[in-house]
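Coordinate analysis (summary)
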Amino acid sequence: MSGTSPDSVTYPAQDYGLLTPYPPVEVSVLDYGADPTNNDDNYLAFTQASDAVPAGGVLVIPPGNYKISRGVPLRSGVHVRGAGRQASRIIAESNFANPGDASYSFFYNENWSAADLASGDTDISVTGITFDYSWRTTTNAFKPLNFRYVTRLRIEGNYFYYGGNSIACRGCEQTWVVGNSAFEFRNCAWDFWEGPGTTYVLNNYAETSDTAQMLNFNPEYSPVASSPLDVVGKRLVVQGNVFKGTGASAEPCQIEPLGNRQNGITDVVIANNQFIRTYLVHRGYVYRLAITGNTFNDYPDPNTSVIIVYANNGYTPKAVTITGNVIWEPGTNSANLGVIRCQVDNAVITGNVITGTTYTADPIYVGTGKPTFFGNYLEKLGVTGRMQQGFVINNPNDVTNNLRACIGWEDTDGDPVRMYMAGDFFQFWSTNADGTARQVWSMQANNSSQQFQFLVGVLVQDFFRKGITTGITAAGTTQPGATALTQNFNEVTTTAANTGVRLPSGATVSVTGLEITVWNQGANTLNVYPPTGAQINALGTNIADTIASGSCKTYVAMSSTQYRIKT
């Protein structure tokens, strides 16, 4: 046939094993009277040329500017090839019409209105064309490429200006979206819904000042109650892309199964992308999810988290890995829970960097979820120093007082690392926002209302430090009314006549080996009672020892019923 492609048009090698190799049959739109000078309507020429392409053939769009008033259907096996950026440009006429229900599309597949995947089209590709809706800058209805139930679909090296969705893929299987660029779209750059299957979104660029979403992947199959596609083994890979928002608010990328398990997605990889004023959402039945090596920056919006993973419609993401991501200057506030929000149990969060001066939310928020996380670097609020997350160990057998987090803080002035345990356990010493130290480590003896707590030794600057209570007032004139002691070192400063203090009890937890030191700084002799049913030395059950004013004694619990005087 005449009208072979110009020398400037090249066809990429057929990699990935998805598309039928091109035969040497090419049909140029110029052979059917297409006008490349941006004057006449080319709908008829494009349609006739497309109809002339045999299965597996190439519809060639040579360099030029082509106006078009209606969309062109593509049959199975038709591969559309242009001459690359700005060379082959298709422009929507101001009277662009809607062909059936194909949403003002430049190209759509012939069986677009098919009921399901089985009656759809196969082996279609579009490469090297610029699609221009720039005369219509506000609508979100137009979709330059609109494909439904196509198996083996490849969209590569195209440019999209304005419109709603740059591409719309509904229920397509084995889809490759590679190396495209989209600008000022208003609904979504790369949109997949109605039960899409295995999909690869690789090395694309999307930039807009206002959109509903940057990327959408919704596995829910809409036309019927249950999907004909088996979710197991269906993959979504989003890798090497740039998502750039230029407006005042951040824009979402969403992987969001809205229905049941049959409408979910497995094996999702979000890797090595750059998100600029863009956040990432995963919700519902997303199984085997890896979010790794991405960067998030220029993120001023305080109204959302940056990475979000949570349950939806009764289904919770599982087998989640969030690792090696870098988040610069998030604006997330406390009302939005966390910069990374992962409210699931079956997850590992490690090696991430969160740094900034404005965010007030938790760096990592898990809610009632119990993911394991460790080795993250967290820096916030302009505090001198840096917070290096050590590790998190979850105890699945202890849902009430689960060990939740151990985080170390190393000040830039060289102070030692301090750590704390979050959750219902008492805490290690940590630092306040101004860098001052607070409690080092305390231990909760048990969970009952009759528990007591005491500080255990922690090595700080070559000395062991124990819990101290000062300013104690002795009380009562009998054992039941005496002031209970709760620390290792106790300074009693007020001792009215015949008043006293009481040593810790071993009734609910063991006190064996506990040492309690008592100073009497009061004006009168201090009574020191044993716990109920116990004795001090051989004084007898419930009988008090005494400490003279200005004196000190140490009592050692040999058992729950016997204290000995050490000094």
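Turning our attention to the overall build of the protein. Summing up its helical and strand segments, the protein has one helix and 54 strands in all. Taken over 567 residues, the protein has a buried fraction of 53%. A separation threshold of at least 6 residues defines the contact pool for the protein, and within that pool the share at least 24 residues apart is 61%. Counting only carbon and sulfur atoms, one obtains 50% of the accessible surface of the protein, whose full area is about 22600 Å².

Attention now moves to the pattern of salt bridges. Inspection of the entire model under this criterion finds ten salt bridges. The network of salt bridges with shared partners includes Arg 148, Arg 170 and Glu 194.

The strand order across the open sheet built from four strands is E46-E48-E50-E52, with neighbouring strands paired in mixed fashion. Both edges of this open sheet fall to strand E46 (483–484) and strand E52 (545–547), since each of them pairs with a single strand only.

Of all seven residues in strand E24 (residues 265–271), five are buried; the element is thus mostly enclosed. Two elements, strand E21 (residues 236–239) and E24, share four bridges in a ladder whose sense is parallel. When the sheet's bridge partners are listed, Gln 239 is paired in E24 with Ala 271. Two strands pair when backbone bridges link them, and E24 and strand E27 (residues 286–292) are joined in this way by six bridges, in the parallel orientation. Across the sheet, residue Ile 265 finds its bridge partner in E27, namely Val 286.

Quick look at the nonpolar core now. In terms of nonpolar packing, the biggest core is built from 77 residues, with Phe 46, Phe 107, Phe 147 and Trp 190 touching the most fellow members. The next biggest cluster of nonpolar side chains, apart from the first, holds 17 residues, and it includes Ala 474, Leu 503, Val 518 and Leu 526.

This brings us to the pairing of strand E54 (residues 562–565). Of the pairings in the sheet, the one linking strand E51 (residues 535–536) to E54 comprises two bridges and is parallel in character. By the bridge assignment for E54, Gln 535 is matched with Gln 562. Between strand E53 (residues 552–557) and E54, which pair antiparallel and follow one another directly, the connecting turn spans four residues.

Low pLDDT means the predicted atomic positions in that stretch should not be read closely. For the protein, per-residue confidence averages 79 on the pLDDT scale, and 72% of positions sit at 70 or higher. Within the model, the stretch residues 390–433 combines pLDDT values under 50 with 127 contacts to residues more than four positions away or in other chains.

Now for the sheet that holds E54. With respect to topology, six strands assemble into an open sheet ordered E45-E47-E49-E53-E54-E51, the strand pairing being mixed. Pairing within the sheet leaves two strands with one partner each, and these edge strands are strand E45 (468–473) and E51. Sheet analysis places E45 next to strand E47 (residues 489–494), joined by four bridges and oriented parallel. Looking across to E47, one finds that Ile 472 is bridged to Val 492.

Our focus in this paragraph is the packing of aromatic side chains. Tallied over the entire structure, the rule returns 15 aromatic pairs. Consider the rings of Phe 106 and Phe 131, whose centres lie 5.4 Å apart with planes at 35 degrees: the pair is tilted. Of this pair, Phe 106 sits in the loop between strand E7 (88–92) and strand E8 (107–109) while Phe 131 sits in strand E10 (residues 130–132), placing them 25 residues apart in sequence. The burial state of Phe 106 is the same as that of Phe 131; both residues are buried. Seen from their ring centres, Phe 107 and Phe 131 are 6.2 Å apart, and the 85 degrees between their planes marks the pair as edge-to-face. Here Phe 107 is found in strand E8, whereas its partner Phe 131 is found in strand E10, with 24 residues between them in sequence. Both residues of the pair, Phe 107 and Phe 131, belong to the buried class. Members of the aromatic cluster, joined through ring pairs, are Phe 106, Phe 107, Phe 131, Tyr 133, Phe 160 and Trp 190. A cation over an aromatic ring shows up here: Arg 341 above the ring of Tyr 310, its NZ or CZ 4.6 Å from the ring centre.

With that out of the way, let us pick up the environment of Asn 488. Looking at the element boundaries, Asn 488 is found in the loop between E46 and E47. Separated by 27 residues in sequence, Asn 488 and Glu 515 place their C-alpha atoms 6.4 Å apart.

Conventions adopted
Residues numbered from 1 in each chain as written. Predicted model: local features only at pLDDT ≥ 70, side-chain atom pairs only at ≥ 80, totals over all residues. Heavy atoms only, no water. Helix = DSSP H or I, 4+ residues; strand = E, 2+ residues; numbered from the N terminus. Buried < 20%, exposed > 50% of the residue type's maximum accessible area, 1.4 Å probe, protein only. Contact = heavy atoms within 4.5 Å. Areas by Shrake-Rupley, 256 points an atom, 1.4 Å probe, with all protein chains shown as cover. Salt bridge = Lys/Arg side-chain N within 4 Å of Asp/Glu carboxyl O. Pairing = 2+ DSSP bridges. Core = buried A, V, L, I, M, F, W, Y, C linked by side-chain atoms within 4.5 Å. pLDDT = per-residue confidence, 0-100. Phe/Tyr/Trp six-rings, centres within 6.5 Å; stacked < 30°, edge-to-face > 60°. Lys NZ or Arg CZ within 6 Å of the ring centre and 35° of its normal.

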